[in-house]
Amino acid sequence: MDQQTRRHRGGHSVNTAQQCLIQVDRFRTGTLIFAKAVLWQGCPDWLLTYGAGSEVFPHDSTSDQWFNEGQFAAYTELGRLLGRNAVEVLTAPPLPAEVTKFASGAACGT
């Protein structure tokens, strides 16, 4: 398992992206990248300020399709940062980790 661990704005560590090996069938495996929308201390100051002023960012309901300019910019920037972290996970050397099996055949480090 590779993961990008960041410091959450509340001070505790969060994993913004994680890589898992999935077993497709007997012969094929694949890679699943999971990226979680969170704010951490490495985010730009303006993004942290925007998040501090919003009760729901970055977890606005998907029924809210009418973003204002600030909300759109904040989600766009957060998406860029999370995408960059996901690429870093793919290109980083694997971290030693114990592997656990999940019901669907996926295996992720713990």
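Remarks on the overall build of the protein
For step 1, the next point in the chain: Of the regular secondary structure elements, the protein holds two helices and five strands.
For step 2, the next point in the chain: The order of helices and strands in the protein, counted from the N terminus, is β-β-β-α-α-β-β.
For step 3, the next point in the chain: Here the protein, with 110 residues, has 31% of them falling under the buried criterion.
For step 4, the next point in the chain: Put simply, 46% of the contacts in the protein that link residues at least 6 apart link residues at least 24 apart.
For step 5, the next point in the chain: Summed over its atoms, the accessible surface of the protein is roughly 7300 Å², and 57% of this surface lies on carbon and sulfur atoms.

Considerations on the packing of aromatic side chains
For step 1, the next point in the chain: Applying the stated criterion to the full structure yields three aromatic pairs.
For step 2, the next point in the chain: Between the aromatic rings of Phe57 and Tyr75, the centroid separation amounts to 4.7 Å while the plane-to-plane angle is 70 degrees, which identifies the pairing as edge-to-face. Here the residue Phe57 occupies a position in the loop between helix 1 (45-52) and helix 2 (69-91), and Tyr75 occupies one in helix 2, the gap between them amounting to 18 residues.
For step 3, the next point in the chain: Connected via pairs of aromatic rings, a cluster forms that spans Tyr50, Phe57, Phe67 and Tyr75.

Topic: the nonpolar core
For step 1, the next point in the chain: Within the largest apolar cluster, 11 residues are counted, these being Val38, Leu39, Trp40, Cys43, Leu47, Leu48, Phe57, Ala74, Leu78, Leu81 and Leu82.
For step 2, the next point in the chain: Residue assignment for this core shows that the elements contributing at least two residues are helix 1 and helix 2.
For step 3, the next point in the chain: Sorting elements by how many residues they give to this core places helix 2 first, with four residues.

Criteria and cut-off values
- Residues numbered from 1 in each chain as written.
- Predicted model: local features only at pLDDT ≥ 70, side-chain atom pairs only at ≥ 80, totals over all residues.
- Heavy atoms only, no water.
- Helix = DSSP H or I, 4+ residues; strand = E, 2+ residues; numbered from the N terminus.
- Buried < 20%, exposed > 50% of the residue type's maximum accessible area, 1.4 Å probe, protein only.
- Contact = heavy atoms within 4.5 Å.
- Areas by Shrake-Rupley, 256 points an atom, 1.4 Å probe, with all protein chains shown as cover.
- Phe/Tyr/Trp six-rings, centres within 6.5 Å; stacked < 30°, edge-to-face > 60°.
- Core = buried A, V, L, I, M, F, W, Y, C linked by side-chain atoms within 4.5 Å.

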